[in-house]
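# Observations on the three-dimensional arrangement
So you can see what is in the structure, the chains are spelled out below.
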Amino acid sequence: MEVQVVDYTAPDAAQKFTQSLHETGFGVLKRHPIPQELVERIYARWLDFFDSDDKAAFAFNPETQDGWFSTAISETAKGFSQKDLKEYFHIYPWGRIPPALRDDALDYFQRANALASELLTWVERFTPPDIAQHYSEPLSKMIEGSRHTLLRVLRYPPLTGHEPAGAVRAAAHGDINLLTILPAANEPGLQVKGADGLWRDVPCDFGTLAINIGDMLQEASQGYYPSTLHQVLNPTGDSARRSRVSLPLFLHPRNDVVLSERYTAGSYLDERLRELGVKS
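Per-chain numbering applies: the sequence of each chain, read as written, is numbered from 1 onward. Under the rules for a predicted model, residues below a pLDDT of 70 receive no local features and side-chain atom pairs below 80 are neither given nor counted, while totals for whole chains, interfaces and linings still include all residues. The side-chain numbers reported here are obtained from all heavy atoms of the structure, hydrogens and water having been left aside.

### A few points about the nonpolar core
Residues grouped as a nonpolar core are buried Ala, Val, Leu, Ile, Met, Phe, Trp, Tyr and Cys residues, joined through side-chain atoms within 4.5 Å. To sort residues, take the accessible area from a 1.4 Å probe on protein chains only and compare it with the maximum for the residue type: under 20% means buried, over 50% means exposed, and anything in between is partly exposed. Core analysis: the biggest nonpolar cluster contains 63 residues, and W46, Y108, L119 and L179 have the highest contact counts within it. Under the DSSP-based scheme used, a helix requires at least four consecutive residues in state H or I and a strand at least two consecutive residues in state E, with every element numbered from the N terminus. Looking at this core element by element, the count peaks at 12 residues for helix 3 (residues 99-125). Within the second largest apolar cluster, 15 residues are counted, among which are F26, F69, L182 and V232.

Structure (structure tokens):
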């Protein structure tokens, strides 16, 4: 089944959206409450930041995981040997943010977090009872008091033609968290892997939001909501000479939340950060 584009304001939005999440791991929303002009302003200003020397003053803190991650230390997707061709900045309300970019970043964080929280209640409402009985607490309670929900400003630099063999902007991966909220990027390239093993482009019309299941929700729902593999392809032609910027918000539970008999949210996060090579 294809990823559905759902009208957030429609009476049956919650049912259609969660059906898409169950069947594909992804859903796309239109007519949602996040202002497009805010997204575009953030894209433009953060691209300027990434092109400046100011970012060096915000080098990431290995303990808190906030700040700027350069292309030299960016993630290596699980199962891959080459680092992704990207740099990014981790924003937490309690963390470091460049002063000139702070207000818009926190405004977006609050709006996206509120929407993600609402969508999580949709997911909870449409979880079959035989699956929901295994949740250690209601999904909507898992995020209360969490300090780990993360806004990442991602920049994929223009390609030079000298990239290491096999390196891509974002190798195939699943997200760690519960839900990811992603406004359409300024350039295409995002693909999702279907149950049939085929890669499909995710609708990326400006003004839409792509939402996907993370590994923690897959774990908690015993696979009912699948964490689908996705990737960002290397562009060709004129697009290869342009930066791509995106703005995912990763909705995380508290560390003490029990996901399953195997994991708490904290133990799962630590394991995955070590696999990604950004935590020792």
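### Here we look at the packing of aromatic side chains
For this analysis, a ring pair means two rings from Phe, Tyr or Trp (six-membered ring only for Trp) whose centres lie within 6.5 Å, classed as stacked if their planes differ by under 30 degrees, edge-to-face if by over 60, and tilted for the remaining angles. Within the structure shown, the criterion is met by 15 aromatic pairs. Relative to F50, the ring of F49 lies with its centre 5.8 Å away and its plane at 65°, an arrangement referred to as edge-to-face. Judged by relative accessible area, F49 falls into the buried class, the value being 6%. Looking at F50, the relative accessible area reads 1%, which means it is buried. In textbook terms, an aromatic cluster arises when at least three aromatic residues are bridged by ring pairs, as seen for W46, F49, F50, F58 and F89.

### What about helix 2 (residues 36-50)?
Multiply 1.5 Å by the residue count of a helix minus one, and that product is the helix's expected span. End to end, helix 2 covers 21 Å across 15 residues, agreeing with the expected 21 Å (1.5 Å per residue, within 8%). Taken together, the buried positions of helix 2 are occupied by Q36, L38, V39, I42, Y43, W46, L47, F49 and F50. For helix 2, the angular spread of buried residues about the axis comes to 160°, placing them on one side. With respect to the buried face of helix 2, the exposed residues turned more than 90 degrees away are E37 and D48. The contact criterion used is simple: two residues touch if any of their non-hydrogen atoms lie within 4.5 Å. Tucked inside the fold, the buried residues of helix 2 contact strand 3 (67-69), strand 4 (87-91), helix 3, strand 5 (150-156), strand 7 (179-183) and strand 12 (244-246). By construction, the arc corresponds to the directions joining the helix axis to the C-beta atoms.

### Observations concerning the pairing of strand 5
Counting buried positions along strand 5 yields 7 of 7 residues, so the element is predominantly enclosed. Here strand 5 shows a buried face lined by L150, R152, L154 and Y156 and a second buried face lined by L151, V153 and R155. Examined bridge by bridge, strand 4 and strand 5 share 5 bridges and lie antiparallel to one another. Paired with F89 across the bridge in strand 5 is V153. Pairing between two strands requires that DSSP report at least two bridges joining them. Bridge count for strand 5 against strand 13 (residues 249-251) is 2 bridges, and the pairing is antiparallel. For L150, the partnering residue across the bridge sits in strand 13 and is F250. With 3 bridges joining them, strand 5 and strand 12 adopt antiparallel strand pairing. By the bridge assignment, R155 is partnered in strand 12 with V245.

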